[in-house]
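Architecture at a glance
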Amino acid sequence: MSRSCVRRIGTWIPCVSKRGFSSSPSSSCVQKSGSEQGLKSLNLYSAINQALHIALDTDPRSYVFGEDVSFGGVFRCTTGLADKFGKKRVFNTPLCEQGIVGFGIGLAAMIVNEAAKFRYRSGNQFNCGGLTIRAPYGAVGHGGHYHSQSPEAFFCHVPGIKVVIPRSPREAKGLLLSCIRDPNPIVFFEPKWLYRLAVEEVPEDDYMLPLSEAEVVRQGSDITLVGWGAQLSIMEQACLDAEKEGISCELIDLKTLIPWDKETVEASVNKTGRLLISHEAPVTGGFGAEISASIVERCFSRLEAPVARICGLDTPFPLVFEPFYMPTKNKILDAIKSTVGY
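Residues numbered from 1 in each chain as written. Predicted model: local features only at pLDDT ≥ 70, side-chain atom pairs only at ≥ 80, totals over all residues. Heavy atoms only, no water.

Our working definition: UniProt positions are given in the numbering used here, feature names are shortened, and annotations may be inferred rather than shown by experiment.
The protein chain carries the name 3-methyl-2-oxobutanoate dehydrogenase (2-methylpropanoyl-transferring) in an unreviewed UniProt entry, which gives Arachis hypogaea as its organism. Quoted verbatim from the Catalytic activity (unreviewed entry) heading of the UniProt record, the comment on the protein chain is "N(6)-[(R)-lipoyl]-L-lysyl-[protein] + 3-methyl-2-oxobutanoate + H(+) = N(6)-[(R)-S(8)-2-methylpropanoyldihydrolipoyl]-L-lysyl-[protein] + CO2".

Shown next, in the form of structure tokens:
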């Protein structure tokens, strides 16, 4: 992995749970529903913070370490952890992403070379269970070409790691706890745009949401829309506008990109006959291309139009020209109408 790719991710905050080695990977996390009686209105960064408190509180062998985590981090996601759990379990590291991740893995190595291959190279005798690497990602409005990138496709290309991206505070807390307790190494991307912007009712107790299970956020019959992270709210706005013009859209949040829930997307496309994928990352080589290829292979005879992709441009993320780069509601709405009218 190139130095620029590593530097782009910004603050790496591995949440490492030393729970020993697992002889086999888990296919998904067991669902625990949060109590509806203990709901509290939280934004996304507060939900992340609450999840980290629970993870440290429920497993004495878990740790949080990374750049600036002791005082709360740039986005304040680790606020209060050092005070409650002590500096032996929550501590700062030098500004060296290679060292942070290598320490989390237990070797002087990185995600692609060691964490992803640890189980494979040991013949399933060992793994990097409990390693969850949290990283902010995506557009933030003023991040420019370094701090507004979306590198999820890089990690999706590496066998042996999972990639998870939440769309909201409730999802973020439940998915993060599932990631921390999963025996596989996981990259957990947190949409910077939503840290304070997204607010919803979040269960205060301990709960987990299953990995690799997509969610049909909105039922529809004319076209299937697939996305993840902050893009879900943009796509939902486009669905509402399309409904005013008589187009029924089914919206799916993928949530886990690797391994992704092909069955849910396939069932939806078999029903609607059309597919649109949207993400902030550049269109060429983006994960939308993988989804498109898989669905064409599985649903070719049911498709009534070419698969549409509304994504970022094939340029570094621009600062001044961000509105031209981003896949906006109007771009998605135009693609919905074009695909339905094909």
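1. Topic: the pairing of strand E5 (residues 131-137)
Keep this limit in mind: The classification of residues rests on relative accessible area computed with a 1.4 Å probe and restricted to protein chains. Under 20% of the type maximum is buried, over 50% is exposed, and intermediate values are partly exposed. Here a helix means four or more residues in a row that DSSP labels H or I, a strand means two or more in a row labelled E, and each is numbered from the N terminus. DSSP-based pairing: two strands are paired if at least 2 bridges between them are found.
Of all seven residues in E5, seven are buried; the element is thus mostly enclosed. Going residue by residue along E5, you find Leu-131, Ile-133, Ala-135 and Tyr-137 tucked away on one face and Thr-132, Arg-134 and Pro-136 tucked away on the opposite face as well. Sheet analysis places E5 next to strand E7 (residues 186-191), joined by six bridges and oriented parallel. The residue of E7 that forms the bridge with Ala-135 is Phe-189.

2. Quick look at helix H2 (residues 44-58)
In an α-helix, one turn spans 3.6 residues; hence positions three or four apart end up facing the same way. The test is simple: To estimate how far a helix should reach, multiply one less than its number of residues by 1.5 Å.
Along its 15 residues, H2 runs 21 Å from first to last C-alpha, staying within 8% of the 21 Å computed at 1.5 Å per residue. Across the 15 residues that make up H2, a large majority, twelve, are buried.

3. Notes on the pattern of salt bridges
Rules: Should a side-chain nitrogen of Lys or Arg be within 4 Å of a carboxyl oxygen of Asp or Glu, the pair is scored as a salt bridge.
Applying the stated rule across the entire model yields 17 salt bridges. The salt bridge involving Lys-255 is made with Glu-171; its shortest N-O contact spans 3.1 Å. Highlighted residues: Lys-255 in the loop between strand E11 (249-253) and strand E12 (256-258) and Glu-171 in helix H9 (residues 169-180), separated in sequence by 84 residues. Across the pair, Glu-171 and Lys-255 agree in class, each one buried. Taking the shortest distance from any N to any O, the salt bridge between Glu-245 and Lys-337 comes out at 3.6 Å.

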